[in-house]
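# Secondary and tertiary structure notes
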Amino acid sequence: MDAKSAAQLKRHTDIVVKELTLALTLAKGACAADEFLRLRTSVGDIIARVDGMLVDGMLYETIYKDHPDLDETK
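Presented here is a report on the structure given in the accompanying data block.

The rules behind each value
- Residues numbered from 1 in each chain as written.
- Predicted model: local features only at pLDDT ≥ 70, side-chain atom pairs only at ≥ 80, totals over all residues.
- Heavy atoms only, no water.
- Buried < 20%, exposed > 50% of the residue type's maximum accessible area, 1.4 Å probe, protein only.
- Helix = DSSP H or I, 4+ residues; strand = E, 2+ residues; numbered from the N terminus.
- Arc of directions from axis to C-beta.
- Salt bridge = Lys/Arg side-chain N within 4 Å of Asp/Glu carboxyl O.
- Axes fitted to C-alpha atoms, helices over the stretch in contact; angles between N-to-C directions.
- Parallel < 35°, antiparallel > 145°, perpendicular 65-115°, else oblique.
- Left-handed = near helix turned anticlockwise from the far one by under 90°.
- Contact = heavy atoms within 4.5 Å.
- Nonpolar A, V, L, I, M, F, W, Y, C, P; charged D, E, K, R; others polar.

Further remarks concern helix α3 (residues 59-66). For α3, the set of buried residues is Y60, I63 and Y64. What you see down the axis of α3 is that its buried residues fit within an arc of 95 degrees, all on one side. In α3, the exposed residues that point more than 90 degrees away from the buried face are E61 and K65.

The next subject is the pattern of salt bridges. Within the structure shown, the criterion is met by three salt bridges. Here K10 and D14 are joined by a salt bridge, their closest N and O atoms 3.0 Å apart. Here K10 and its partner D14 are both found in helix α1 (residues 3-30), four residues apart, which amounts to about one turn of the helix. Looking at K10, the relative accessible area reads 7%, which means it is buried. For D14, a relative accessible area of 34% gives the class partly exposed. A salt bridge links K65 to D66; its shortest N-O distance comes to 3.6 Å. Overall, K65 belongs to the exposed group, its relative accessible area being 64%. The class for D66 is partly exposed, based on a relative accessible area of 39%.

Put simply, α1 and α3 touch, their axes get as near as 11 Å, and they point 135 degrees apart. In terms of their interaxial angle, α1 and α3 are classed as oblique. For the crossing formed where α1 meets α3, the hand is left-handed. Mapping the contact onto sequence places A6, L9, K10, T13 and D14 in α1 and L59, Y60, I63 and Y64 in α3. Within the contact of α1 with α3, the residues separate by chemical class into six nonpolar, one polar and two charged.

As structure tokens, then:
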């Protein structure tokens, strides 16, 4: 994957996780407890799938190997 595409993919997936987390934060105060638990479960599943695709699927490993400047942990 070229550097521009890798950076865009990483940026978009980071945004997805951040926005879903923010949505949960908003829902926590606005929803009934049972609704919030269902939403949290669904959103958690989505985040886990995205994370699994990137981390467990080793996509980030490939991106960081080819483009180490994108790895913010180093």
